Amino acid sequence: MNIMKNSMTSSTATTKKTRAQTISHRTQALCALCAGLLAALAVLSLFTGKYPLSLGKLLEGNALQRRIFLNLRVSRTIVGVAGGFVLGVSGFVYQTLFRNPLASPDIIGVSSGASAGAAAGILLFSGQTAGTGQAAAATQSAIAAQTAVAVCAFGGALSAVAVVLALSALDRTGKNSSIVLAGIAVHALAQTALMCLKLTADPERELASIEFWIMGSLSGISIHSLGGNLLLCLFCLTSLFLLHRHIIILSGEEGEVRMLGVSVGKLRLLVLVTATLAVSAVISLTGLISFIGLLAPHGARLFTRDNRPGAMLLGGLMGGILLLGADILARSVTSVELPVSIFTSLLGAPFLIILIVRKGKV
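The shown structure was predicted, so the numbers you read here are calculated from the model rather than taken from an experiment.

Cut-offs used in this document
Residues numbered from 1 in each chain as written. Predicted model: local features only at pLDDT ≥ 70, side-chain atom pairs only at ≥ 80, totals over all residues. Heavy atoms only, no water. Phe/Tyr/Trp six-rings, centres within 6.5 Å; stacked < 30°, edge-to-face > 60°. Helix = DSSP H or I, 4+ residues; strand = E, 2+ residues; numbered from the N terminus. Buried < 20%, exposed > 50% of the residue type's maximum accessible area, 1.4 Å probe, protein only. Lys NZ or Arg CZ within 6 Å of the ring centre and 35° of its normal. Salt bridge = Lys/Arg side-chain N within 4 Å of Asp/Glu carboxyl O.

1. Looking at the packing of aromatic side chains
A full pass over the atoms with the stated rule returns two aromatic pairs. Pairing Phe47 with Phe69 gives two aromatic rings, centres 6.1 Å apart and planes at 45°, and the pair type is tilted. Note that Phe47 is positioned in the loop between helix H1 (2-46) and helix H2 (55-60) and Phe69 in helix H3 (residues 63-98), a separation of 22 residues in sequence. Pairing Tyr94 with Phe98 gives two aromatic rings, centres 6.3 Å apart and planes at 10°, and the pair type is stacked. Of this pair, Tyr94 and Phe98 both sit in helix H3, four residues apart, which is roughly one turn of the helix. Pair check on accessibility: Tyr94 and Phe98 agree, each one buried. Here the basic side chain of Arg301 rests over the ring of Phe92, its NZ or CZ set 4.3 Å away from the ring centre.

Structure follows, in structure tokens:
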């Protein structure tokens, strides 16, 4: 009997090991495939736009083509890849941490806080280019105004999250529900502030700029405004991958996690702040980009069926593909550049419907 039990235990362990190896190989293959597709989209992005670029003229040293390539196309492509990757990984973290398949940066007020901050920045700095007599001065002033708006959006996002965490700290139990409820309250307050700012905006200029920012676009990004944001994203992403094991632990039942001796409140705060800093750094540059933080993690889990670091990496790669692909469509489908969120929403809305239908059948 003991021999039979030992044999069955050994067989079960072997089966689990084989299954884990199969999943690992499949995840590696998917990551390699997505990385190749992302690289191909990045090359396509460099040569897509209203002004046609030629590889031959770039190699010849054409001044105008090199300026457009280096200052506009390269920066836009970098943000498309890095921004999508950050949104995908952060969405994975939010969904795992809150044990909620619909969790996203909106859940703790990041997006609404950034919107209010950006609107305030547009109202304060939109008139900065007025009265400039020279094109060079106007260009420098416009870059300064864009940077100021990005800083205001970043500050608004962090302020909203700080208020959410302060409110949730009043609940000594440290449950996820308190953070979610605080996020809903702060989201409502930030939306109220945004509406008030819209009422004071100039309808012909400032209001249009606010609405365009809220819809999300990579068009206003220049190489001069990337450095600090990219460094912050790199630091946060590295930290999140190093904290992956702790994130998985936090996704368990509250009581069981506390029995393991884990300081749930402090660890959750660290993970949330890290993911939120990364998202804030992205949306302060791009405006609000909908659904990527929701779609990419779901896609990764659908293919890998686990929460391992490989699935998290795959979520980031799929996020980069979604954002860069949407940006390429936004600047090539019509003669006028469209907001990126139009295309991400066209993917996201049907996905949510399918998710609801599938849950209804279970």
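There is more to say, and it comes next.
2. Things to note about the pattern of salt bridges
For the coordinates displayed, the defined rule picks out four salt bridges. In this structure, Arg76 engages Asp327 in a salt bridge whose closest nitrogen and oxygen atoms are separated by 2.9 Å. Taken as a pair, Arg76 in helix H3 and Asp327 in helix H13 (residues 309-330) lie far apart in primary sequence, 251 residues in all. Take Arg76 and Asp327: they sit in the same class, and that class is buried. Here Arg76 ties to Glu337 by a salt bridge, and the two come within 2.3 Å at their closest N and O atoms. Here the residue Arg76 occupies a position in helix H3, and Glu337 occupies one in the loop between H13 and helix H14 (340-361), the gap between them amounting to 261 residues. Residue Arg76 is classed as buried on the basis of its relative accessible area of 10%. Residue class for Glu337 comes out partly exposed when judged on its relative accessible area of 24%. Among the charged side chains, a salt-bridge network with shared partners connects Arg76, Asp327, Arg331 and Glu337.

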